[in-house]
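# Architecture and fold: a report
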Number of protein chains: 2
Amino acid sequence: MSDYLAKPDPDDPKLTRTVAGIDHAGAAVSVPVVEERTLTLFLNAQEIVTLMTIGDHPAELAVGYLLNQNMIASAAEVSAVDVDVDLGVVVVRTAHETDFEAKTRKKIRTSGCAMGTMFGDVMERFEEIRLPNAEVRTSWLYALTKTINTTPSLYLKAGAIHGSVLCQRDRALLYMEDVGRHNAVDKVAGYMALHGLSGDDKIFYTTGRLTSEMVIKTVLMGIPILISRSGFTASGVELATRANLTLIGRARGRRFTALAGIERIVFDIAPDEAAEEPPGLRRKAAGDDW
Amino acid sequence: MSDYLAKPDPDDPKLTRTVAGIDHAGAAVSVPVVEERTLTLFLNAQEIVTLMTIGDHPAELAVGYLLNQNMIASAAEVSAVDVDVDLGVVVVRTAHETDFEAKTRKKIRTSGCAMGTMFGDVMERFEEIRLPNAEVRTSWLYALTKTINTTPSLYLKAGAIHGSVLCQRDRALLYMEDVGRHNAVDKVAGYMALHGLSGDDKIFYTTGRLTSEMVIKTVLMGIPILISRSGFTASGVELATRANLTLIGRARGRRFTALAGIERIVFDIAPDEAAEEPPGLRRKAAGDDW
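Owing to the predicted nature of the structure, the values given are computational and were not obtained by experimental measurement. (Residues numbered from 1 in each chain as written. Chains lettered and ligands numbered in written order. Predicted model: local features only at pLDDT ≥ 70, side-chain atom pairs only at ≥ 80, totals over all residues. Heavy atoms only, no water.)

Our next topic: the sheet that holds strand 10 (residues 203-206) of chain B. Taken together, eight strands build an open sheet; the order of strands is 2(A)-1(A)-13(B)-12(B)-11(B)-10(B)-8(B)-9(B) and the sheet is mixed. What marks the edges here is a single partner per strand, and that holds for strand 2 (28-34) of chain A together with strand 9 (171-178) of chain B. Going from strand to strand, the sheet's axes swing by 30° on average, the running direction of each strand aside. One ladder, built from four bridges, connects strand 12 (residues 246-252) of chain B with strand 13 (residues 255-260) of chain B; its direction is antiparallel. Across the sheet, the residue bridging to B:Leu247 is B:Ala260, located in strand 13 of chain B. Where helix 6 (residues 181-194) of chain B meets the sheet, it contacts strand 8 (162-168), strand 9 and strand 10 of chain B, and its direction lies at approximately 130° from that of strand 9 of chain B. (Pairing = 2+ DSSP bridges. Helix = DSSP H or I, 4+ residues; strand = E, 2+ residues; numbered from the N terminus. Axes fitted to C-alpha atoms, helices over the stretch in contact; angles between N-to-C directions. Contact = heavy atoms within 4.5 Å.)

Encoded structure:
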């Protein structure tokens, strides 16, 4: 099923541009490339970070970033999100001063910058999360891959972009893209928080490698199952095992490898019954970041 | 030619680990995955950032990071680099307080964190750099691709890793890998700075997309030619055009696309004379990050 709540808009003229160049034979070519803009994120009066982004869904990106960095604890803290697209600024406002701001005020009196302390706070929250029982059927996995690969996207149009998709059973719900893969994940997190979607019964599909950061973000979003076409890092596997996250990588066509939480996988379809990806719809490395 | 100054060591037991899991048929598999560790970087007494890295070449990574973030102006400022591998800490020491530290001290009195001001400083330096005349022959490009793809690497062993290679004519000089692509680039920058290698007559080959950040780092390294197997973003192309950087993307087998600085490309070999990549040596998306 592909009745998305939100999905890419490859026809949005703000997101791509056509550029002239030459090819390997010296012939003139013109190719579509994705835009990349700066977006400076403020939490109330405090400047947090300048992100490079394609520019869509700035409110979701900002809230998701703050959540996944543990700078806010939940969307309930947020009283307003002000976006100025032309200036490339997004301001997330809270009714009360956040713990992060209080900590920053304290920290700068001692060693200058609070950025270094955040990692510890994120890991503390990570350790507290108990992911629910859930299942992922291989028939869902194959259906999701097919839906995602055939959904019109900036990836199919211009390449060189990451995608993250929130799924429920065999349905793709939210498909976000961005030049930075963490931005795509943060947009999904922000959308979930702002629209009250829970992670409990969801499956998260993403294009990037299954690193520690990707595992941490998925666990913070409360999603028990993470799927990627790409490979694994050792600490990604280690953290997934600790959090009891189901970690499925190298998912291409019929093939996949699962290195954590394998008890959630239900083999309800023989791999032979799943179609191989037709070459034209394979995510090729042509636009890939690997 | 492949007489590297430095290259991957896929047999280093600290860099990979074998993990047990299951495949798409439910059969037990064991697969090698790359390690990923935290490395906390200090500039003198100031904590700068915690990086996720495979852990090799920490001194080069630290110095390259500080250079590419414009936190130090040159390796000449560096008086010592202390690495504690077990603690995951690297301290770069300078004889005198750096401009960055002075600015940070000033900045924290006003708005809390100096991180937001760095981007402006980097761009100021970017605008001042004039890249030299240079050439890249298509015969070199095809030879380099072949050398790099056949060099034993963590990528070939375990996938899910980025690679950056400093080249001179048709010779690959330095091949650095890391889980984060910016780490791989920063290791090359640090090695160049610590060993007094100039960028003027070099070619930079990297695995990631040609984004604004990748273009900025290449220009800061003084390298006039940047090649990637991956695609482009609009601001990557725009910045490359402004800096007169030769930007070659989607370089696979015989094919490539050049979107900036095309006058440096010398077509000295017909694409038909270049061999296509044998399937087994193609950088597959299997371990790719795209």
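There is more to say, and it comes next.
Attention shifts here to the interface of chain B and chain A. Facing the 69 residues of chain B at the interface are 69 residues of chain A. Carbon and sulfur atoms make up 59% of the area that chain B and chain A hide from each other, which totals about 5600 Å². Here chain B is connected to chain A by two salt bridges. The partner of A:Glu238 in a salt bridge is B:Arg17, and the shortest N-O contact between them spans 2.8 Å. On the surface where chain B and chain A come into contact, there are 20 residue pairs in polar contact (both at pLDDT 80 or more). Counting residues per element, the side of chain B that touches chain A draws most heavily on strand 1 (residues 16-23) of chain B, which supplies six residues. One ladder, built from two bridges, connects strand 13 (residues 255-260) of chain A with strand 1 of chain B; its direction is antiparallel. Looking at strand 1 of chain B, one finds that A:Thr257 is bridged to B:Asp23. (Buried area = accessible area lost by both parts, 1.4 Å probe. Salt bridge = Lys/Arg side-chain N within 4 Å of Asp/Glu carboxyl O. Polar contact = N/O pair within 3.5 Å; in protein donor to acceptor, adjacent residues only side chain to side chain.)

It is worth spelling out the sheet that holds strand 4 (residues 46-53) of chain A at this point. Residue and element names in this part refer to chain A. Read across the sheet, four strands follow the order 4-3-6-5 without closing on themselves; strand pairing throughout is mixed. The open sheet has two edge strands with one neighbour each: strand 4 and strand 5 (78-84). In this sheet, neighbouring strand axes are inclined to one another by 20° on average, regardless of whether the strands run parallel or antiparallel. For strand 3 (residues 37-43) and strand 4, the ladder comprises seven bridges, and the chain directions are antiparallel. Counted as the bridge partner of leucine 41 is valine 49 from strand 4.

Moving on, we come to the domain arrangement of chain A. Often the size quoted for an interface is simply the accessible area lost on bringing the parts together. Residues and elements named next belong to chain A. Taken as a whole, chain A is organised into domain 1 (37-127) and domain 2 (136-287). With 20 residues of domain 1 in contact, the opposing surface of domain 2 contributes 25 residues. Linking domain 1 to domain 2 there are two salt bridges. Where arginine 242 meets glutamate 127, a salt bridge forms, and the shortest distance between an N and an O atom there is 2.2 Å. (Domains from an automatic or database assignment.)

Here the focus is the relation of the copies chain B and chain A. Once turned by 180° and shifted 0.0 Å along the axis, chain B lies on chain A with an RMSD of 0.0 Å. The transformation just described matches what one would write down for a two-fold rotation axis. (Least-squares fit on C-alpha atoms with pLDDT ≥ 70 in both.)

Moving on to the side chain of A:Thr207. Residue and element names in this part refer to chain A. By the secondary structure assignment, threonine 207 is in the loop between strand 10 (203-206) and helix 7 (212-220). A residue is classified by how much of its surface remains accessible, and threonine 207, at 1% relative accessible area, is buried. Within the structure, the side chain of threonine 207 is placed 3.0 Å from the side chain of histidine 162, a separation counted as a polar contact. (Buried < 20%, exposed > 50% of the residue type's maximum accessible area, 1.4 Å probe, protein only.)

Attention now goes to the confidence of the model for chain A. All names here are of chain A. Residue-level pLDDT values for chain A average 89, and 89% of them are 70 or greater. Note that pLDDT drops below 50 for residues 108-116; the model gives that stretch 14 contacts with residues more than four away or on any other chain. This stretch, residues 284-290, has a pLDDT under 50; its non-local contacts, to residues over four places away or in other chains, come to 44 contacts. Among the scores for the predicted complex, ipTM is 0.83 and pTM is 0.87. (pLDDT = per-residue confidence, 0-100.)

What follows covers the pattern of salt bridges. Evaluated as defined, the whole model comprises 22 salt bridges over all chains. Close ionic contact of B:Asp12 with B:Lys14 constitutes a salt bridge, the shortest N to O distance being 3.6 Å. One continuous salt-bridge network, built from bridges that share partners, spans A:Arg17, A:Glu35 and B:Glu238.

Our next topic: the pairing of strand 2 of chain A. Residues and elements named next belong to chain A. Of the strand pairs in this sheet, strand 1 (residues 16-23) and strand 2 are connected by seven bridges, and their pairing is antiparallel. Bridged to valine 19 within strand 2 is valine 31. What sits between strand 1 and strand 2 in their antiparallel hairpin is a turn of four residues, with glycine 26 showing a positive phi close to 85°.

Our next topic: the packing of helix 6 of chain B against helix 7 (residues 212-220) of chain B. The angle between the axes and the distance between the axes are what describe a pair of packed helices. All names here are of chain B. Look at helix 6 against helix 7: their axes get within 11 Å of each other, and the N-to-C directions meet at 5°. It follows that helix 6 is roughly parallel to helix 7 by the angle criterion. Between helix 6 and helix 7, the residues in contact are Arg181, His182, Val185 and Asp186 and Glu213, Met214 and Lys217, respectively. A per-class count over the contact of helix 6 with helix 7 returns two nonpolar, one polar and four charged. (Parallel < 35°, antiparallel > 145°, perpendicular 65-115°, else oblique. Nonpolar A, V, L, I, M, F, W, Y, C, P; charged D, E, K, R; others polar.)

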